[in-house]
Amino acid sequence: MQHANEKIKFQPVKSIEEHNSGINQMLKLNDRELVTVSDDCSLKFWNAQLLRVELSISTETITCIVATSPKKDIIIAGCHSGNLITIRMQYRSKKEVFNLAHNNLIRVLTSLSSLRDKYFVSADVCGFIKLWVSTAKPVTLLEFKLEGAISYNSMIEVENWMPKSDQESAVIACALKSQSVHLILITMPVSVMGQHKKAQYQILRTLTTQVKPTCLIQLDRRHLAIAVGSLKEES
C-alpha cells in the first residue's frame, strides 16, 4: 500500500453455501482446518485448503466458540439456551452437553492464553461471568455479575499488562452496553498452609465511552482499541 486511503482489490476465490442460516462465528484451528457455527443448529469442520466441509455435527443454536486447553484440543461452544457444548479434537464426532451452564444466552467465550489455556471464561447477555477449568467436562471455579448487559463479542484477555506474580492470574476486558469497559483481574485458586483459597476477581479500572462499545482488541501491552456504535438488536 502506498497510501492509507488506497483501495485494496480482493478477488473472490469460491462461494460456498453449507449452512442454512447465518454463521455466528468462525474459528481457525490451524493452517488446514477451521470451524463454523450457525443458527441452523450445526457445527462444521472445514478443510481450509480445499474449502469443503469434512464433518458436520448437529447441535442447538450456537452463539460463540473457542478452542482451549494446553494443547488447544478442546472446543467449547456457547449456546443461545445457556448450555455449553464440548468437543475433543481427538473424538470430534462426539459432543458433550452441559445444560444451563448459564441461565441466559452465552455471548462470548475467551481462553486465557497467558495461563497456557488451562482456563476459559464465559459471559452471558445479563452480565454473568464464569471462570472454568479447560477440560472436556468443565468445572466452574468462579462466578460473578457485572451491572449491565454484555455487548456483542466484547470480552478479551489483556496480556502482559500487569506485573508478573507468583500466583496465577489473568486480566480480561469486558465491554458493557452501559457505555463502559471494565478491566478485571481474575486470580486463580491456591492452597496456602493447608488452606484452600478460592478464585477471586477485582475490577481494576473502568473506562467510559460516549457510545455503546461493541468489540475490543488489544493492540499492544499498553493500548486497547474499542469499537463503538449502535447495533440493531433487542438484547
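Look up: the structure comes first, before these words.
Residues numbered from 1 in each chain as written. Predicted model: local features only at pLDDT ≥ 70, side-chain atom pairs only at ≥ 80, totals over all residues. Heavy atoms only, no water.

A. Here's a closer look at the overall build of the chain. For the chain, the helix and strand inventory stands at zero helices and 20 strands. Expected size for 235 residues packed as a compact globule is a radius of gyration near 18 Å; at 19 Å, the chain falls within 12% of this value. In terms of overall dimensions, the chain has a C-alpha envelope of 60 × 45 × 35 Å along the principal axes. Residue burial in the chain is summarised as follows: out of 235 residues, 42% are buried. Considering only intrachain contacts with a sequence separation of at least 6, the fraction spanning at least 24 residues in the chain is 41%. With the model as given, the accessible surface of the chain reaches about 13,800 Å², and the carbon-plus-sulfur share is 48%. Averaging the positions of the 28 positive and the 22 negative side-chain charges in the chain gives two centres separated by 3 Å. (Helix = DSSP H or I, 4+ residues; strand = E, 2+ residues; numbered from the N terminus. Rg over C-alpha atoms; globule rule 2.2 N^0.38 Å. Buried < 20%, exposed > 50% of the residue type's maximum accessible area, 1.4 Å probe, protein only. Contact = heavy atoms within 4.5 Å. Areas by Shrake-Rupley, 256 points an atom, 1.4 Å probe, with all protein chains shown as cover. Lys, Arg positive; Asp, Glu negative; His and termini not counted. Charge placed at Lys NZ, Arg CZ, Asp CG, Glu CD.)

B. Expanded view of the sheet that holds strand β15 (residues 180-187). Across the sheet, which stays open at both edges, the four strands sit in the order β13-β14-β15-β18 with antiparallel pairing between neighbours. The open sheet has two free edges, formed respectively by β13 (150-158) and β18 (200-208), since each of these has just one partner strand. Neighbour to neighbour, the strand axes of the sheet diverge by 20° on average, direction disregarded. As paired elements, β15 and β18 share eight bridges and run antiparallel to each other. Bridge pairing in β18 links Ile186 to Tyr201. (Pairing = 2+ DSSP bridges. Axes fitted to C-alpha atoms, helices over the stretch in contact; angles between N-to-C directions.)

C. Structural context of the pattern of salt bridges. In the structure shown here, the tally under the stated rule is four salt bridges. A salt bridge links Lys28 to Asp31; the nearest nitrogen and oxygen atoms lie 3.3 Å apart. Both residues of the pair, Lys28 and Asp31, belong to the exposed class. Among the salt bridges present, the one from Arg92 reaches Glu33, with a minimum N-O distance of 2.6 Å. Here Arg92, found in the loop between β7 (84-88) and β8 (95-98), pairs with Glu33, found in strand β2 (residues 33-38); they are 59 residues apart in sequence, far enough to count as distant. Each of Arg116, Lys118 and Glu168 takes part in one network of salt bridges that share partners. (Salt bridge = Lys/Arg side-chain N within 4 Å of Asp/Glu carboxyl O.)

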